[in-house]
Amino acid sequence: MMKKLLLASAMAVVSAHAASAEIRVGILHSLTGTMAISETTLRDVMLMLIEQQNAAGGLLGQEIVPVVVDPASDWPLFAERARELLTVNEVDVIFGAWTSVSRKSVLPVLEELNGLMFYPVQYEGEESSRNVFYTGAAPNQQAIPAVDYYLNELGVEVFALLGTDYVYPRTTNRILEQYLLDAGIPQENIFVNYTPFGQSDWSSIVADVVALGAGGQQVGVISTINGDANVGFYAELAAQGVSADDIPVVAFSVGEEELAGFDTAPLAGHLAAWNYFMSADTPENEAFITAWHDFIGDEARPTNDPMEAHYIGFNMWVQAVEAAGTTDVDAVRDAMYGIQVPNLTGGIAEMLPNHHLTKPVLIGEIRADGQFDIISQTDPVPGDAWTDFLPESAVLESDWPGLGCGMYNTQTSTCVQIQSNY
């Protein structure tokens, strides 16, 4: 069935819009390059969701046709492929991107052409586009709670903020650095390091992190390392004999899919912060995992957080289209606010006026089998587009249906801008 869907996608790319009515969904995920380790499975879950919806009668009485493109982990290519999807393939909506640099590459295209995209990955916040619904976590739904766990539960005194060198890690770490300073952590106890995509040699960086604990203080790593660079990072931790008891690592971009790529036994006890783990024990999650394994034909293929974000986003979009009676972007956007979909971990996801969701925050501990034990879970937290922990952002509010603005200054009572910063 996957082969049939991919064939249908390829045919849609080269054919004119069929005379018979159909709804087209663009899938914009890297299938090659450094981010393929994370994004390929998002292509696959979108194909599953579309197949399920078509089996249930389609949408507005029409078949949904997936249009799959590969931006190949090339950030400018994301913009080109998005433009092709909207102008050549005439898709009604796009589900896609992983890194913030790829999302920001697409933003001007979406806003110029009034396209609509659902973005399924945790990110740095500091953005609210009229043309994007953010179904992954904002910093207050992942990064801040993870730091709180380090401070309150593990007694971490020295923080190593390790990230891949692009906008998401840099902005997230700027927020976290200020948050730590406000919490009384001295500047000299905050170590920040950035590495390129695909970084493979981690020996000196891990050695530097180990040296941070020479004075006997508890060191903890906050990891915003993305893509296949994680393989080398965790391998080097194991090579230098660093266990979670010595220096715990909490990752924001490592889930079940990434862990499937290497031996996880030495990583047992390290942590990740997400809004979903495959090990969540709910009827909704059990049904989702069963459907996934039936579709993909591989019982070993895991589920993960961004897959749940696509599940939520796709089901919200379907509800909005049905409520609007059309796939017209403006009508669908108006219908999105307040829509609710069950989370796979329990509770309800609701779309907020700032284009973010309510999401529970989960801390998971890596098991030797590559799954996570959920050791902490909150009630659903409303996503905050503009952080409270940077003074220039604390005064900003996003309210599209109420104020018609994603960047409203509450001090001056003015809309700073309608279009996004690129």
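Up top is the structure these notes are about.
Since the structure is predicted, the reported quantities are computational estimates derived from the model, not experimental observations.

A. Structural view of the overall build of the protein. When helices and strands are counted, the protein shows 14 helices and 19 strands. In summary, the protein has a C-alpha radius of gyration of 21 Å against a globular reference of 22 Å for 422 residues, a match within 12%. Considered along the principal axes of its C-alpha atoms, the protein spans approximately 70 × 55 × 40 Å. Of the contacts formed within the protein by residues at least 6 apart in sequence, a portion of 67% connects residues at least 24 apart.

B. Representation of the pattern of salt bridges. All told, the structure shown has 14 salt bridges when counted by the stated rule. Across the salt bridge formed by Arg-170 and Asp-165, the nearest N and O atoms sit 2.7 Å from each other. Notably, a salt bridge pairs Arg-367 with Asp-369, separated by 3.1 Å at the nearest N-O pair. Salt bridges sharing partners connect three or more residues here, namely Arg-103, Lys-104, Glu-124 and Glu-127.

C. Seen up close, the state of the cysteines. Within the structure shown, the criterion is met by one disulfide. Across the disulfide, Cys-405 is cross-linked to Cys-415 (sulfur-sulfur distance 2.1 Å). Residues Cys-405 and Cys-415 are joined by a disulfide whose S-S torsion is about 90°; by sign, that bridge is right-handed. Taken together, the positions of Cys-405 in strand E18 (residues 405-409) and Cys-415 in strand E19 (residues 414-415) put the pair 10 residues apart, joining distant regions of the chain.

D. Just the sheet that holds E18, in detail. A sheet is described by the order of its strands in space; here three strands give the open sequence E17-E18-E19, paired in antiparallel fashion. Edge positions in the open sheet fall to strand E17 (396-399) and E19, since each of these has one partner strand only. Looking at chain direction, E17 and E18 are connected through three bridges and run antiparallel. Residue Leu-396 lies in a different strand from E18, and its bridge partner there is Asn-409.

E. The nonpolar core, seen in detail. Residues Leu-28, Ile-94, Phe-314, Met-316, Trp-317 and Met-336 are the most contacted members of the largest nonpolar core, which totals 69 residues. Top element by residues in this core is helix H11 (residues 305-324). It accounts for nine residues. Ala-229, Leu-237, Ile-247 and Leu-267 belong to the second-largest nonpolar core, a separate cluster that totals 28 residues.

F. Structural detail: helix H6 (residues 167-182). Look at H6: 23 Å from first C-alpha to last across 16 residues, which is about the 22 Å you get at 1.5 Å a residue. Buried within H6 are the following residues: Tyr-168, Pro-169, Thr-171, Thr-172, Asn-173, Ile-175, Leu-176, Tyr-179 and Leu-180. Packing partners of the buried residues in H6 comprise helix H4 (100-113), helix H5 (143-154), strand E6 (158-164), strand E7 (190-195) and strand E8 (219-224). Within two residues after H6, Gly-184 carries a phi angle of roughly 95°, on the positive side.

G. Examining the pairing of strand E14 (residues 362-366) more closely. Within E14, four of the five residues are buried, which leaves the element mostly enclosed by the surrounding structure. Across five bridges, the pairing between E14 and strand E15 (residues 372-377) is antiparallel. Residue pairing in the sheet places Ile-366 in a bridge with Phe-372 of E15. Hairpin connection of E14 to E15: five residues between the antiparallel strands, including Gly-370 at a positive phi of 90°.

H. Quick look at the side chain of Thr-224. With respect to the element layout, Thr-224 can be found in strand E8. Not counting chain neighbours up to four residues away, the residues in contact with Thr-224 comprise Leu-162, Gly-163, Thr-164, Tyr-168, Pro-169, Thr-172, Asn-173 and Phe-252.

About the thresholds
Residues numbered from 1 in each chain as written. Predicted model: local features only at pLDDT ≥ 70, side-chain atom pairs only at ≥ 80, totals over all residues. Heavy atoms only, no water. Helix = DSSP H or I, 4+ residues; strand = E, 2+ residues; numbered from the N terminus. Rg over C-alpha atoms; globule rule 2.2 N^0.38 Å. Contact = heavy atoms within 4.5 Å. Salt bridge = Lys/Arg side-chain N within 4 Å of Asp/Glu carboxyl O. Disulfide = S-S within 2.5 Å. Pairing = 2+ DSSP bridges. Core = buried A, V, L, I, M, F, W, Y, C linked by side-chain atoms within 4.5 Å. Buried < 20%, exposed > 50% of the residue type's maximum accessible area, 1.4 Å probe, protein only. Expected span 1.5 Å × (residues − 1).

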